[in-house]
Amino acid sequence: MTADTIVAPATANGEAALAVIRVSGPAVPVLAQAIFAKTPPPRRVTLGNYTSLEGEIIDSLVYVLYADKKSYTGEHLLELNPHGNPWLVRKILDDLISRGCRLAEAGEFTRRAFLNGKLDLSQAEAVVQVIQARSDRALQTARRQLAGSVGRAVNSLVDSLLQITAALEAYIDFPEEDLPPEDSAGPSNSLRNLIAEMDYLIATRQYSSLLHDGVKCVILGEPNVGKSSLLNALTGEDRVIVSAEPGTTRDYVEERIHVGPYLLRIIDTAGIHDATSDLEEQGIHRSLQQIESADLLLVVLDSTRQSPTLPDVVIDALHENNTVIVENKTDLVISPILEGFAASCPHVRISASKHTGLDELRSAILNALEDGLLIPDESAVIVSARHASALQDAKVSLGNALNNLNKNSPAELAASDLHAAIQSMGAITGKIDNEDMLDHLFNQFCIGK
Ligand SMILES: Nc1nc2c(ncn2[C@@H]2O[C@H](COP(=O)(O)OP(=O)(O)O)[C@@H](O)[C@H]2O)c(=O)[nH]1
Ligand SMILES: [Mg+2]
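Heads up: these notes are all about the structure in this document. (Residues numbered from 1 in each chain as written. Chains lettered and ligands numbered in written order. Predicted model: local features only at pLDDT ≥ 70, side-chain atom pairs only at ≥ 80, totals over all residues.)

### Quick look at unusual backbone geometry
Here's step 1: Backbone geometry places K69, a non-glycine residue, at a positive phi of 65 degrees.
Here's step 2: Take K69: it is sitting in the loop between strand 5 (57-66) and strand 6 (77-81).
Here's step 3: The exposure class assigned to K69 is partly exposed, which follows from the 15 C-beta atoms found within 10 Å.
Here's step 4: Of note, the phi angle at N408 is positive, near 55 degrees, even though the residue is not glycine.
Here's step 5: Mapped onto the fold, N408 is located in the loop between helix 13 (385-406) and helix 14 (411-429).
Here's step 6: With 14 C-beta atoms counted inside 10 Å, the residue N408 sits in the partly exposed group. (Helix = DSSP H or I, 4+ residues; strand = E, 2+ residues; numbered from the N terminus. Buried ≥ 20, exposed ≤ 12 C-beta atoms within 10 Å, placed from the backbone.)

Quick look at the structure:
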């Protein structure tokens, strides 16, 4: 398919125990023979001396020859595991280039895997997601996509569309006749069901930023209740200034932590109260903005004080699915239970400074995430903006088809809308002939992947 033999380090540049260099393309069997002075057994871990074109032994290393195209790229592939010395890696790359290889472009190995039918496009894109995932749930979603979950969901929609199209096309042979209403009812119903399925799939996109950027969790409350202390307790670091003087946190501070399989972006905000200075007022305004875009609110109360006085805009934003009430300073003697405040929300009693109740808080957060955000577990989740927009385009075409069926237009019109929808969906798994799109897509990869 392609004549070039490409080479690139697959590991990051830097000192490490080992590095990985990949070579892929038609020249690989001949190169392996020349470098190691033998034809290594295919797909076997082999120890050998890497000998340069000038006859210098550069490294003694382990390598694997994936011959007969049974490899990641679907081409002959050689994987070298030299010592993780950047200078030594450079020498091997230079040697391979002087033997006629070319340095690979970003994502070129995966691009070849796609072109050789080893992966569909949605799987190829999942490779980036696996590399970038920073929580168990993000990893799980990416792994499913890599195993073909998105491709399967899309293919099953396309299969149903093909069936409807075939039914409609049976009428195209009689162009003078409009589609009789009784014969458009079946396809119309099937289309409505398909649009609903598609909506469901498109809606899963909302979880993509939750999974990849993290769940946005905002700590809020009156000044001096222990919001910054809570952030420090959750991160296990003294990240934020804690002070007995109210109003110390004026801007907001963000930290990332893991709770169960989720990544959380925890944001500490300025205390909300009647501001005495302009600077404080700005801080409070920012806190309110943070609340609006939050996925989860942790409302901290000082359990030694009587009921908190938070503004109505804040109180109105609190409900059982997006809020955990954190009663803090329960280590102090006078500590009434504040269960009357936002009574429908889960309450947890902690001491941020003594680090008690934090496990209960983490489970309450986990429950709120699983009950409130309903991040789907098994099914395909649309993570990529490209997939979402392809599905959206397909949905528009299906809407047009439905209109045409309802108007009893000639069957060709609806059939042609369905073809357009199939075309849009095909772009998700890769039945496309757009080189620019492929360039753009694979450029997001790292070199060597
Ligand atoms: N006794 C006690 N004091 C606490 C606790 N959490 C915070 N504090 C104290 O409350 C004051 C305000 O804490 P801070 O985290 O700065 O509150 P913020 O203004 O809400 O961010 C500080 O003097 C903290 O040491 C706690 O659980 N128990
Ligand atoms: Mg603070």
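### So, the site of ligand 1
Here's step 1: The environment of ligand 1 is formed by 22 residues, the closest being G226, K227, S228, S229 and S351.
Here's step 2: Looking at the shell around ligand 1 element by element, the count peaks at 3 residues for helix 9 (residues 227-235).
Here's step 3: Looking at the shell around ligand 1, its residues break down into 6 nonpolar, 12 polar and 4 charged. (Near = placed C-beta within 6 Å. Nonpolar A, V, L, I, M, F, W, Y, C, P; charged D, E, K, R; others polar.)

### So, the pairing of strand 9 (residues 215-221)
Here's step 1: Burial of strand 9 is extensive: 6 of the 7 residues sit out of reach of the surface.
Here's step 2: Inspection of the sheet shows strand 9 paired to strand 12 (residues 296-302) by 5 bridges, in the parallel sense. Residue pairing for strand 12: L220 is matched across the bridge by V299. (Pairing = 2+ DSSP bridges.)

### Thoughts on the packing of helix 13 against helix 14
Here's step 1: One way to put it is that helix 13 packs onto helix 14 with a least axis distance of 8 Å and a crossing angle of 170 degrees. Comparing the axis directions of helix 13 and helix 14 gives the class roughly antiparallel. Along its contact with helix 13, which presents H387, A390, D393, A394, S397, L398, N400, A401, N404 and L405, the element helix 14 presents L413, A414, D417, L418, A420, A421, S424, M425, A427 and I428. (Axes fitted to C-alpha atoms, helices over the stretch in contact; angles between N-to-C directions. Parallel < 35°, antiparallel > 145°, perpendicular 65-115°, else oblique. Contact = placed C-beta atoms within 7 Å.)

### A word on the nonpolar core
Here's step 1: Judged by nonpolar contacts, the single largest core of 109 residues is most densely connected at V23, L78, C217, I219, V299 and V326.
Here's step 2: Ranked by residue count, the leading element in this core is helix 14, at 8 residues. (Core = buried A, V, L, I, M, F, W, Y, C linked by C-beta atoms within 7 Å.)

### Details of helix 1 (residues 28-36)
Here's step 1: For helix 1, the complete set of buried residues consists of V28, L31, A32 and I35. Looking straight down helix 1, one finds that the buried residues subtend no more than 100 degrees of arc, so they occupy a single side.
Here's step 2: Against the buried residues of helix 1 lie strand 3 (21-24), strand 4 (46-51), strand 5 and strand 6.
Here's step 3: One or two positions beyond helix 1, positive phi appears at A37, with a value near 55 degrees. (Arc of directions from axis to C-beta.)

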